[in-house]
Amino acid sequence: MDPILDGYVSDYTKKAEISSSDQGKAFEHFANHCVIARDFPSLTNTQDIVVGGSNDTGIDGVAFFVNGIHIEDTTTIDYFANKTRISVDLVFIQSKSGPKVSASEVGTFCEGVYNFFKNTGMKESSEITELKKLVSHVFQKAASMARRPNIYMYYCTASNFKGDQNVDSRSRSGCERLKELDLFNQVNFEFLNKKKLTTRYDEIRLKIERTINFERHAAFPKIDGIRQAYIGLLKCEELVKLISNSDGELQRNLFSENIRDFLGENKVNKEIKNTITCQDSRTRLPALNNGITIVAKEVANVADQFTLRDYQIVNGCQTSNVIYLNKSHLNEDAFVPVKIVEVAEDELVNEIVKSTNRQTQVTDEAFVALEDFHKQLEKFFSNIHPENGQKLYYERRRNQYQEHAITQKQVVTLTLLTKSFVAIFKEEPHSTQRYYGELLDANKATMFIDGQSLWAYYAAAVIFYRIDKKLKQLKPAWLKKYRYQFCLLYYRSFGVSPEIQSHKKMQAHCSRLISETWVDEEFERRFNVCKRIITDAEKNEPKDHQGNPPYRRREFTRKILTEVESGI
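This write-up is about the structure you can find in this document. Please read all numbers here as calculations on a predicted model, not as lab measurements.

**Focus: the overall build of the chain**
Within the chain, the regular secondary structure consists of 21 helices and 13 strands. For 568 residues, the compact-globule estimate of 2.2 N^0.38 gives 24 Å, and the C-alpha radius of gyration of the chain, at 25 Å, lies within 12% of that figure. Oriented by its inertia axes, the alpha-carbon framework of the chain measures out at about 75 × 60 × 50 Å. Counting all 568 residues of the chain, 55% fall into the buried class. Pairs at least 24 apart in sequence give 72% of the contacts found in the chain among residues at least 6 apart. Here the chain displays about 25700 Å² of accessible surface, and carbon together with sulfur accounts for 46% of that area. Positive and negative charge centroids in the chain, built from 79 and 76 side chains respectively, lie 2 Å apart.

Spelled out as structure tokens, the structure:
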């Protein structure tokens, strides 16, 4: 591996707190991150998609997405299928840190993917078998699909691979076999060499810069908290430059601040499309559209040439997507209203997001992290400086701490905190397989509400941090599926929990828990007891009549709770 790529891999493994002396394994984690975090940014912890090992059928990473949301369980599939039409994307990754690309290894990778949909008799790990069951459940929801699933296969190499007749032939034949199954909307295969991987890594970190021609603009007057701001009409062709990545594809993570994902061809988006594609109405787009808001870390302009650095689309995801998808219809007459804002204060970004996205209906969970309770929670986390432990940061805005010198695991997301709280304080670790938005809705009367002690949420985050990190270092790997059961048992090991509204009692209880959790010897003692309880309970535990494993069942939760005693 050359020094530049090695530097990128080291940077990622440090930030992700991945300790591996195996260069190949480190590259595997890096490659998975570069693939998923750029094109499917809803998945923040790409370590969980690694399947490499014995009997991995030539595949190192697998991730499935429904409506852009990473799915690990059939309940999430059912949740979306029962609410709306679903779009399914199936991602498979193979990574090689060697100096060459082998046609036979590419063939094995293609065969492993094919084996997911038509059993070829390949030896496979239990992890691959469970993932195949998940795919099977996806196809059972075919009647709810907006389209057939897309397959994305990525072969990542540390070499400078630029193509080879034999290798390319093997990848093409693998794609053709999958197409012959007549199951998919698209079958895509892409080789990512070291240059493409490092470019993707830069794009993920939003270390991107684009220059556009913004002819029709006017500057805002001086505004507190804003260094400079402009409003005007931008040519749609110039917008396409801003929102395209190095491959010419849509840069999806530019929209991570936008609380709506792309909604597909709904009524409003069809109207935008019709306006763009119709020559007679195209010039009316600025009058018919609310426009796009762009927030950038730095804006530099010379006359009409604007250079934007480290920017995000915080409003206008629908318009941007429709324009990109219909870029072949654009011409010199197509303009869209645009605001470009260079902010001086991070908190102002939240205000911009909240105000610009209140114009149409948005799901409740989209606004949850912008509420005052979460603002107080963010401040609470930032004001705690553990003497012997790791400082944690509550992230209300995606990529909020991108520029800070902290690791990924120190960042506590809304999804993580929601699931940890439900597991520990609702005593429902079996429910954490569900989509976090569903959990928020089901528990909105008892979670993230005024009057509750913030210590409870901080304690839940500390417990998850320690448990998750420990489980990633352990074998067997199946224990990771019980991470939230571990969290519940660990919390219960400190005795009966005070009422969450009792601030003084909860502070005393959680302060002791947090202090002891950062002491390795004490943490290990309690962790090992939790491990014994879970492994003993899991032994010979039969699946229920629906085939659900123990970690998804309420009865299993009750079983392990009877084993844990106060003051372990």
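From this point on, the discussion continues.
**Notes on the pairing of strand E5 (residues 186-192)**
Relative to E5, strand E4 (residues 150-157) runs parallel, the two sharing seven bridges. Looking at E5, one finds that Tyr155 is bridged to Phe191. Taken together, E4, helix H6 (residues 165-180) and E5 constitute a β-α-β crossover, and its handedness is right-handed.

**Description of the nonpolar core**
Considering soluble globular proteins, one finds that nonpolar side chains tend to be buried as a cluster. If you look at the biggest cluster of nonpolar residues, it comprises 105 residues, and the most contacted ones within it are Phe64, Phe92, Phe116, Phe117 and Met153. Top element by residues in this core is helix H17 (residues 454-472). It accounts for 14 residues. The contacts of Phe117, once residues within four sequence positions are left out, are Leu90, Phe92, Val135, Phe139, Ile151, Leu178, Leu181, Leu183 and Phe184. Ile294, Phe306, Ile323 and Tyr324 belong to the second largest nonpolar core, which has 33 residues in total.

Reading guide: rules and limits
- Residue numbers here run from 1 along each chain, matching the order of that chain's written sequence.
- In view of the model being predicted, local features appear only for residues whose pLDDT reaches at least 70, and side-chain atom pairs are presented and counted only at 80 or more, with totals across whole chains, interfaces and linings using the full set of residues.
- Hydrogens and waters are ignored; side-chain quantities use all the structure's heavy atoms.
- Helix numbers and strand numbers start at the N terminus; a helix is a DSSP run of H or I with at least 4 residues, a strand a run of E with at least 2.
- Each radius of gyration reported is based on C-alpha atoms, and the globular scaling rule is 2.2 Å times the count of residues to the power 0.38.
- To sort residues, take the accessible area from a 1.4 Å probe on protein chains only and compare it with the maximum for the residue type: under 20% means buried, over 50% means exposed, and anything in between is partly exposed.
- Throughout, a residue-residue contact means that at least one pair of heavy atoms, one from each residue, lies within 4.5 Å.
- Accessibility throughout is a Shrake-Rupley quantity obtained with a 1.4 Å probe, and a residue counts as covered only by protein chains that appear here.
- Two residue types count as positive, namely Lys and Arg, and two as negative, namely Asp and Glu; His and chain ends fall outside the count.
- A charged residue contributes its charge at one atom only: NZ of Lys, CZ of Arg, CG of Asp or CD of Glu.
- By definition, two strands form a pair when at least two bridges between them are found by DSSP.
- The handedness of a crossover follows from its direction of travel: if, with the strands pointing away from the viewer, the path from the first strand over the helix to the second runs clockwise, the crossover is right-handed.
- As used here, the term nonpolar core means buried Ala, Val, Leu, Ile, Met, Phe, Trp, Tyr and Cys residues forming a set that is joined through side-chain atoms within 4.5 Å.

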